[in-house]
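Each chain, letter by letter, is given below.
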Amino acid sequence: MTTNELKQLKSGTDIRGVAVDGLEDHPLTLTDEAVRRITAGFAVWLTRFGREKAVGPLRISVGHDSRITADHIRSLVVRTLEEAGVIVLDCGLSSTPAMFMTTVDLGCEGAVQITASHHPYYRNGLKFFTRKGGLDGEDIDQILDFAAEGEALHPAGPGRTETVQYMNEYCARLRRMICEGVNATDFQRPLRGFHIVVDAGNGVGGFYAEKVLLPLGADISGSVYLDPDGRFPNHIPNPENDEAMASISRAVTENHADLGVIFDTDVDRAACVDARGHEINKNRFIALAARIAADGGRGATIVTDSTTSDGLKKFIEQDLGGIHHRYKRGYRNVINEAIRLNLEGVDCPLAMETSGHAALRENYFLDDGAYLVTKIIIKLAQLGREGKQLEDLIATLEEPAESSEIRLNILAENFREVGNRLIEHITQCCQKDERCRVAPDNREGIRVSFAPEDGDGWFLVRLSVHDPVIPINIESNCAGGCRRIAASLLGLIGSVDGIDTTPLEEFAHKA
């Protein structure tokens, strides 16, 4: 395989491609050869750069989500690692965060999760971990270079595979957290009297209802799509998907539950629904997580992605007495920024994206949807003793009247150059326009606020992390404000070569 063919499988810090052969509109890209080469490249990379102590054979865990190609790819990964002399721990159906935890609890020097997150059933991929966390984009580049060159380890003898049921240990850890955190009179059944429904979307997350909540006394009746089914026949397992969120909201209201929980396919993301069926998602989810992570402390820094609302900033800085640090989109970007701040002595307990990726310092800065949900359920039980509800914790969060995202396709091949040129053009125009207030703390693209008479809100124009796309986020505190702000932005942009501004024009002029 050529370097270009392999590099096309890179998706940020993951490997992803089409894994089902024979689809007319989606040609196979994650071939058997690609899987074998990349797996071998990971073993080489781990030996050269990822091992803390280069003694004895490598020890690598392998797990997978519920996709229909998971077992086939698992066999390729395991066989390739065995040929490289690796001791393989085959963990079977597992969440992505659990695979990282094998480096903590089982002494694995590396971990491989076979997943493509919320992507369609015909896609799959590989995600890699060391004891330090998930790999960065530069690490993936090195692995792909090794793969393209056909590099592999040549041990004196083959490795071996051990089957382990690590998910049982992972679930036991979450149960212990709840028992100790709630500290109920019935210590072993702290969730007795609570009705919590789970929507796993036929991904991996069904374990949370059956192996975490149910043994602790919770009523999980009304939970939906707990059985793994790699075709995802009911809805996309994705907390950012409207159909998925409507599903868990419906499950809560129809069953009069106290809380609803929804996970993405591999459980590194989550969202909640309160007892009234209202979503605790995106900015509301970050606000709740920030309240819990700060734990009454003042001055904590919360790192989020760049698209978060002004209301969230006010909540963190005025209600919590903290500091809101907006950073670049991309969950690894947000996590790495939080790690950097802590190394500099900044008290930063949480890094979180509006997509639902949330990483707590107390949990290795691992984006683990089940861990955050566990923290929320502990708080739910604690509040219940005081006659309060979760939504009381974020009651002062101000939310916009409108919000929209518009995506402009970049038609030029040098899309990064074109996109950055547009952002620079908008920045220069805004600096000359009295209506525009450029955000002083923005770290991605250009974020501009407008007074009430000009739309009472803001826009953010940025370049997509991976794709030739300019996403534009707009929020307003008044009806029709997003259109007015879009019209102002359109006037600032003018005519731009190489960018299709049609979606912005249609939105701005929509009746």
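What counts as what
- Residues numbered from 1 in each chain as written.
- Predicted model: local features only at pLDDT ≥ 70, side-chain atom pairs only at ≥ 80, totals over all residues.
- Heavy atoms only, no water.
- Helix = DSSP H or I, 4+ residues; strand = E, 2+ residues; numbered from the N terminus.
- Rg over C-alpha atoms; globule rule 2.2 N^0.38 Å.
- Contact = heavy atoms within 4.5 Å.
- Areas by Shrake-Rupley, 256 points an atom, 1.4 Å probe, with all protein chains shown as cover.
- Lys, Arg positive; Asp, Glu negative; His and termini not counted.
- Charge placed at Lys NZ, Arg CZ, Asp CG, Glu CD.
- Disulfide = S-S within 2.5 Å.
- Buried < 20%, exposed > 50% of the residue type's maximum accessible area, 1.4 Å probe, protein only.
- Pairing = 2+ DSSP bridges.
- Axes fitted to C-alpha atoms, helices over the stretch in contact; angles between N-to-C directions.
- Parallel < 35°, antiparallel > 145°, perpendicular 65-115°, else oblique.
- Left-handed = near helix turned anticlockwise from the far one by under 90°.
- Polar contact = N/O pair within 3.5 Å; in protein donor to acceptor, adjacent residues only side chain to side chain.
- Phe/Tyr/Trp six-rings, centres within 6.5 Å; stacked < 30°, edge-to-face > 60°.
- Lys NZ or Arg CZ within 6 Å of the ring centre and 35° of its normal.

(A) Inspection of the overall build of the protein at higher detail. Each helix and strand in the protein was counted, giving 15 helices and 22 strands. In terms of overall dimensions, the protein is globule-like: its C-alpha atoms have a radius of gyration of 23 Å, near the 24 Å expected for 511 residues. For the protein, the spread of C-alpha atoms along the three principal axes comes to 75 × 60 × 50 Å. When contacts within the protein are restricted to residue pairs at least 6 apart in sequence, those whose partners lie at least 24 apart make up 68%. Carbon and sulfur atoms provide 46% of the accessible area of the protein, an area that totals close to 20800 Å². One finds the centroid of the 55 positive side-chain charges in the protein at a distance of 4 Å from the centroid of its 76 negative side-chain charges.

(B) Local environment of the state of the cysteines. Following the criterion strictly, the structure yields 0 disulfides and no others. Residue C429 stays outside any disulfide, its sulfur separated by 6.9 Å from that of C430, the closest cysteine. Its sulfur unpaired, C436 is 3.9 Å from the next cysteine sulfur, which belongs to C430.

(C) Just the pairing of strand β3 (residues 59–64), in detail. The buried fraction of β3 is high, at 5 of 6 residues. Examined bridge by bridge, β3 and strand β5 (residues 110–114) share 5 bridges and lie parallel to one another. Residue pairing for β5: S61 is matched across the bridge by A111.

(D) Geometry of the sheet that holds strand β20 (residues 446–450). On the basis of which strands lie adjacent, the open sheet formed by 5 strands has the order β18-β22-β21-β20-β19 and antiparallel pairing. With one partner strand each, in any of the chains shown, β18 (402–409) and β19 (437–438) form the two edges of the open sheet.

(E) Quick peek at the packing of helix α4 (residues 96–105) against helix α6 (residues 166–182). For the pair α4 and α6, interaxial distance at closest approach is 10 Å and the crossing angle is 90 degrees. Relative to α6, α4 is oriented roughly perpendicular. Each of P97, A98, M101, T102 and D105 in α4 lies in contact with α6, whose residues at this interface are Y166, M167, E169, Y170 and R173.

(F) Expanded view of the packing of α6 against helix α12 (residues 369–385). Look at α6 against α12: their axes get within 9 Å of each other, and the N-to-C directions meet at 25 degrees. Judged by the inter-axis angle, α6 sits roughly parallel to α12. In the packing of α6 onto α12, the handedness of the crossing is right-handed. Of α12, the residues touching α6 (which contributes Y170, R173, L174, M177, I178, G181 and V182) are A370, Y371, T374, K375, I378, A381, Q382 and R385.

(G) Inspection of the side chain of T13 at higher detail. Mapped onto the elements, T13 comes out in the loop between β1 (10–11) and β2 (14–18). The class of T13 is buried, set by a relative accessible area of 11%. A polar contact of 3.3 Å, which involves the side chain of T13, links it to the side chain of Y331. Every residue in contact with T13, bar those within four places of it in the chain, is listed here: K127, L135, D136, G137, I140, Y331 and R332.

(H) Spotlight on the sheet that holds strand β11 (residues 270–273). Taken in spatial order, the 4 strands line up as β9-β10-β11-β12 in an open sheet, and their pairing is mixed. Among the strands making up the open sheet, the edge pair consists of β9 (196–199) and β12 (279–280). Where β11 meets β12, 2 bridges bridge the pair, whose relative direction is antiparallel. Looking at β12, one finds that C272 is bridged to I280.

(I) Main features of the packing of aromatic side chains. Here the structure, examined in full by the defined rule, presents 11 aromatic pairs. A centroid spacing of 5.7 Å and a plane angle of 45 degrees characterise the contact between F450 and F459, whose relative ring orientation is tilted. Judged on exposure class, the residue F450 and its partner F459 are both buried. In textbook terms, an aromatic cluster arises when at least three aromatic residues are bridged by ring pairs, as seen for F42, W45, F49, F128 and F146. When the ring centre of W458 is taken as reference, the NZ or CZ atom of R447 above it lies at 3.6 Å.

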